[in-house]
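# What the coordinates show
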Amino acid sequence: MQIFLLTLLIFGLTDASVISLPLSSSIDAENGTIGTTAVELDGETCKKAECNFGNLVADSVRYGYLEDHSTGENVLVLLQGKNFKGVIEQGTELTEKDLANGFSKQSDLVIIKELKGKLIRDVLEKSVEKYTQKDGSPDFLQVSGGFFEFDLSVETGKRLTSAQLMSFETESSIEITDKGTYSVITTEDFFKTNFQSEKSDSLETTDIASLEKYIAKHKIVYPAIDERIILHNIEAAPEGNNALTLQKSTFLIGIMILLQKCILSSA
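Before going into details, it helps to say that this report is about the structure given with it. Quantities reported herein were computed from a predicted structural model and do not represent experimental measurements.

Okay, the layout of surface pockets next. Over the atoms rolls a probe the size of a water molecule, and its path tells where empty space is left. Empty space within the largest pocket amounts to approximately 210 Å³. Considering the residues around the largest pocket, the lining is formed by 16 residues, among which Gly 64, Tyr 65, Asp 68, Thr 205 and Ser 210 are closest to the centre. Elements represented by at least two residues in the lining of the largest pocket include exactly helix H2 (52-69), strand E12 (201-206) and helix H6 (207-218). The element that contributes the greatest number of residues to the lining of the largest pocket is H2, accounting for 8 residues. Across the lining of the largest pocket, the residue classes break down as 7 nonpolar, 5 polar and 4 charged.

And the structure:
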């Protein structure tokens, strides 16, 4: 199944869903309509799991870069799930406002070439370090051009079990190794936080602009969940805020007991 999806992703650069598309799409420049979504676009779950809106945006960024540069290079796109929000209903005729409302903010895009695989694997580990069943992770990533697997039952720092990059040369996927070097497209903010010691080049565009351009060209979009990110043993992750609250409460109780002992001993 993954080989089939991989072939579609390499050559189509978009989602691998097979659905019944609308018979027509109203593309009306006068009222600001860019295109139509044939499926619900989910930006709410992008901090917890692979989400189809995250896939759509990441694919649009990757597609735009490869179309503009025609290099045939293997490019990995990493975008923060926390940058996406909301839900756009199936059948919506998409406007610039609809798309902008799906983002927490607009972000400039950069490309980092010859990035060490070790740094990529490190940010992937970080993406699930604070993962909880209720809230996911503030560092969770959405991806285009790769497939990642994590095991949430093991200790942090060792949860990444597989990191694969889609390869044009082999028409399959290759393992991202610590010593290998790779091209990564991400937002400028993410670059500054995680790769600031590396060299980057501006793509002179943004995530929202890339998405608008992609939808305007393809008219109808229907992104799917196609196992780019697989999370094993989610039930082993902490439940969420309750666990953190319990830890804080236990700590405060300990402080209170200690203070009480100090007061009694000094009386």
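Attention now moves to the state of the cysteines. Within the structure shown, the criterion is met by 1 disulfide. The residue that forms a disulfide with Cys 46 is Cys 51, at a sulfur-sulfur distance of 2.0 Å. A torsion of 100° about the S-S bond marks the disulfide between Cys 46 and Cys 51 as right-handed. Note on accessibility: Cys 46 and Cys 51 belong to one class, buried.

Between its terminal C-alpha atoms H2 stretches 26 Å, which fits the 26 Å expected from 18 residues at 1.5 Å a residue. Positive backbone phi, at 50°, marks Ser 70, one or two positions downstream of H2.

About the criteria used
- Residues numbered from 1 in each chain as written.
- Predicted model: local features only at pLDDT ≥ 70, side-chain atom pairs only at ≥ 80, totals over all residues.
- Heavy atoms only, no water.
- 1 Å grid on protein atoms, 1.4 Å probe; cavity = no way out; pocket = protein on both sides within 12 Å on 5 of 7 lines; lining within 4 Å.
- Points joined across faces, edges and corners; volume = space filled by probe spheres on them.
- Helix = DSSP H or I, 4+ residues; strand = E, 2+ residues; numbered from the N terminus.
- Nonpolar A, V, L, I, M, F, W, Y, C, P; charged D, E, K, R; others polar.
- Disulfide = S-S within 2.5 Å.
- Buried < 20%, exposed > 50% of the residue type's maximum accessible area, 1.4 Å probe, protein only.
- Expected span 1.5 Å × (residues − 1).

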